[in-house]
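# Inside the fold
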Amino acid sequence: MNYKLIPFYREKELYTLFYDHENSHMYKLQHGKKSFAMFYLVILAVLLGSQYLDRIYQVYKGPFVNTIFIAAFIIGYIIAKMVYDNYYIQDTKRKVIFDGLTLQEFAMKAKKQFRIEIYVCLFGVIVAILCFALFFSINRIQPLLIGFFSISALFIILFMKPFRRLKMLNGFIENEISIK
């Protein structure tokens, strides 16, 4: 994934528009075909398999607490990066041109999408914090796994450059940014 591009607007599960700040160009990338059933099956398998991990953890829980906790963040980051990188079909990247009014409309819709994404991310962080606290209080692996799935949402949002994205969206809404 080209990390210079800033996500601008997502049209359902069809495509996402990206803005290249350096060149003032807009690009469109199609979304990959994904199976949410497979995603949920993997989560279910991990949570069910966590019973076996929990048995091992219960024997060695003292020295492994910090290691497992740090590993959860690293695993969450790796999963988020894989999901983000595979979400878009790189071969479909093409430059698109819109007039100023259309860009403004997209920017207003994109700002609403952005707010929803931030609320979901905040919810995920709260769930992660609660699960991590639960992990430390009951010494079970399951809350840790739920926490690292929840924290993955935070990493995905961070890959989307939220501060630069908000500044860019406001620039398009106020007609301060134009496309070449």
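Attention here is on the structure that accompanies the text.

Here is what the cut-offs are and how they apply
Residues numbered from 1 in each chain as written. Predicted model: local features only at pLDDT ≥ 70, side-chain atom pairs only at ≥ 80, totals over all residues. Heavy atoms only, no water. Phe/Tyr/Trp six-rings, centres within 6.5 Å; stacked < 30°, edge-to-face > 60°. Helix = DSSP H or I, 4+ residues; strand = E, 2+ residues; numbered from the N terminus. Buried < 20%, exposed > 50% of the residue type's maximum accessible area, 1.4 Å probe, protein only. Core = buried A, V, L, I, M, F, W, Y, C linked by side-chain atoms within 4.5 Å. Contact = heavy atoms within 4.5 Å. Pairing = 2+ DSSP bridges. Axes fitted to C-alpha atoms, helices over the stretch in contact; angles between N-to-C directions. Salt bridge = Lys/Arg side-chain N within 4 Å of Asp/Glu carboxyl O. Polar contact = N/O pair within 3.5 Å; in protein donor to acceptor, adjacent residues only side chain to side chain.

## Things to note about the packing of aromatic side chains
All chains considered together, the criterion is met by 12 aromatic pairs. Between the aromatic rings of tyrosine 9 and phenylalanine 106, the centroid separation amounts to 4.8 Å while the plane-to-plane angle is 35°, which identifies the pairing as tilted. Placement of tyrosine 9 in strand β1 (residues 5-11) and of phenylalanine 106 in helix α2 (residues 100-138) is noted, with a sequence separation of 97 residues between them. For the pair tyrosine 9 and phenylalanine 106, a shared accessibility class is recorded, and that class is buried. Ring geometry for phenylalanine 148 against phenylalanine 149: centres 4.7 Å apart, planes inclined by 25°, an arrangement best described as stacked. The exposure class of phenylalanine 149 is partly exposed, given its relative accessible area of 22%.

## Examining the environment of lysine 28
For lysine 28, the location among the structural elements is in strand β3 (residues 25-30). Under the relative-accessibility criterion, lysine 28 is labelled buried at 16%. Separated by 11 residues in the primary sequence, lysine 28 and leucine 17 place their C-alpha atoms 4.5 Å from one another.

## Section: the nonpolar core
Residues Phe18, Leu29, Tyr84, Tyr88, Phe135, Ile141 and Leu144 are the most contacted members of the largest nonpolar core, which totals 23 residues. Elements represented by at least two residues in this core include exactly β3, α1 (36-87), α2 and α3 (141-159). Apart from residues lying up to four places away in sequence, leucine 144 is in contact with Ile68, Phe69, Ala72, Cys131, Phe132 and Phe135. Within the second largest apolar cluster, 17 residues are counted, among which are Tyr15, Ala107, Ala110 and Leu169.

## Observations regarding the sheet that holds β3
Reading across the sheet, the 4 strands line up as β1-β2-β3-β4 and stay open at both edges, with antiparallel pairing between neighbours. Each having just a single partner strand, β1 and β4 (94-96) make up the two edges of the open sheet. Strand-to-strand twist of the sheet, defined as the mean angle between neighbouring strand axes without regard to direction, takes the value 35°. Across the sheet, α2 touches β1, β2 (15-20) and β3, and the angle it forms with β1 is around 95°. Helix-sheet contacts for helix α4 (residues 162-173) involve β1, β2 and β3, and the interaxial angle to β1 is about 65°.

## Looking at the pattern of salt bridges
A full pass over the atoms with the stated rule returns 3 salt bridges. Each of Arg10, Glu117 and Arg165 takes part in a single network of salt bridges with overlapping partners.

## Looking at the side chain of threonine 16
Tracing the chain through its elements places threonine 16 in strand β2. Here the side chain of threonine 16 touches histidine 31 through a polar contact of 2.5 Å, side chain to side chain. Ignoring any residue separated from it by four or fewer positions in sequence, one finds threonine 16 in contact with Tyr9, Arg10, Tyr27, Lys28, Leu29, His31 and Tyr88.

## Quick notes on unusual backbone geometry
The phi torsion at lysine 12 lies on the positive side, around 45°, for a residue other than glycine. Note on placement: lysine 12 falls in the loop between β1 and β2. If you check the backbone angles, serine 24 has positive phi at about 55° while not being a glycine. Counting through the fold element by element, serine 24 comes out in the loop between β2 and β3.

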